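Structure assessment
Here are the chains, one letter per residue:
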Amino acid sequence: MKKELGLFTLLIVLCLTVCGIQFAKNSSELPRFLSAENLLNNANLIGMFGIFSIGTGMVIITGGIDLSVGSMCALAGVLLSIALKEWHWAWPLVAVFILLVPVLLGAAHGFLITRMRMQPFIVTLCGLLIYRGMARFIAGDSTKGFVGASGFDVFTFLASGRLFHITREELVNGAMTKHVVFEGIPMPFVMLVIVSVIMWFVLHRSIYGRYLFAVGRNEEAARFSGINTKLVIGSSYMLAGFLTGTSAIMFAFYATSVAPSTHGNFYELYGIAAAVLGGCSLRGGEGSIIGIV
């Protein structure tokens, strides 16, 4: 908990410093950093980046690494557009399909790492290149959009909607106008809170979580103690894939289009940075959900 408190203190100091710089430039106005628009936009992005960062953290705890997150997002985004606009699938089926693709790719990573004894860095680095190439090939290297797609409103609300948005009608110059009382909480941030709570129990209050830490600290000792290390490692990549797919849906509809050559670039670095700064050791066996968040 000391690491988390230290990081939280550093974050508060950073925010206060930014506010102080802006206030020094213009002392007559509230710092733009504290504006409702900026805070809501930040919360929106924090939610989307935070969800897949938790998955990346789970992999790092086992002593692995996942460099393919950004390319997975690009591939999932392209398939999402094609499934909605060209195949005309119903949005619930599309959601299941888009979540299933990264899970299967994660399972392939786990198989290559545990059964073929390949290094996680090499496997996922190849994934970074292959999935980006697949996305560009499938899309014909052209940008894919979502306007007019079935289920557009549902996915858009998930990516940029507001929960608990409150408005009030007022009489102004003889006409009824709506006045925003509360902007609401961004849906990606709500999703991050839900995912964080679930994953906190999985990692810190379940046998599976203990297995993850044990495998990360010493895979050989964990195997001799009766833990199915191959299954634990493989499942961590599948779990990371599931959370990446969840974020990929949000990113695609937040941007409203997917350019396969650039969409998701460097996302894996943001996820690794969030996990490592949050206390996950690259050697494995250490980390916490609170730290990542």
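Residues numbered from 1 in each chain as written. Predicted model: local features only at pLDDT ≥ 70, side-chain atom pairs only at ≥ 80, totals over all residues. Heavy atoms only, no water.

1. Focus: helix 3 (residues 69-85)
The terminal C-alpha atoms of helix 3, which comprises 17 residues, lie 24 Å apart, in line with the 24 Å expected from a rise of 1.5 Å per residue. Among the 17 residues of helix 3, 16 are classified as buried, and the element is accordingly described as predominantly covered. (Helix = DSSP H or I, 4+ residues; strand = E, 2+ residues; numbered from the N terminus. Expected span 1.5 Å × (residues − 1). Buried < 20%, exposed > 50% of the residue type's maximum accessible area, 1.4 Å probe, protein only.)

2. A word on a nonpolar patch on the surface
A surface patch of nonpolar side chains, about 620 Å² in accessible area, is lined by Phe 111, Leu 112, Met 116, Met 118, Phe 121, Ile 122 and Leu 125. Counting residues per element, the ones that place at least two in the nonpolar patch are helix 4 (91-114) and helix 5 (120-138). No other element matches helix 5, which puts three residues into the nonpolar patch. By the secondary structure assignment, Leu 112 is in helix 4. (Patch = residues over 30% accessible without salt bridge, like charges linked within 9 Å, V, L, I, M, F, W, Y side chains within 5 Å. Areas by Shrake-Rupley, 256 points an atom, 1.4 Å probe, with all protein chains shown as cover. Salt bridge = Lys/Arg side-chain N within 4 Å of Asp/Glu carboxyl O.)

3. Re the packing of aromatic side chains
As enumerated under the stated definition, the model contains 16 aromatic pairs in all. Judged by centre distance (6.0 Å) and plane angle (85°), the rings of Trp 91 and Phe 155 are edge-to-face. Of the two residues, Trp 91 is situated in helix 4 and Phe 155 in helix 6 (residues 152-160); the sequence distance between them amounts to 64 residues. Looking at Trp 91, the relative accessible area reads 37%, which means it is partly exposed. Note on Phe 155: relative accessible area 3%, which makes it buried. Linked through ring pairs, Phe 49, Phe 52, Phe 251, Tyr 267 and Tyr 270 together constitute an aromatic cluster. Sitting above the plane of the Phe 224 ring, Arg 223 keeps its charged end 4.8 Å from the centroid. (Phe/Tyr/Trp six-rings, centres within 6.5 Å; stacked < 30°, edge-to-face > 60°. Lys NZ or Arg CZ within 6 Å of the ring centre and 35° of its normal.)

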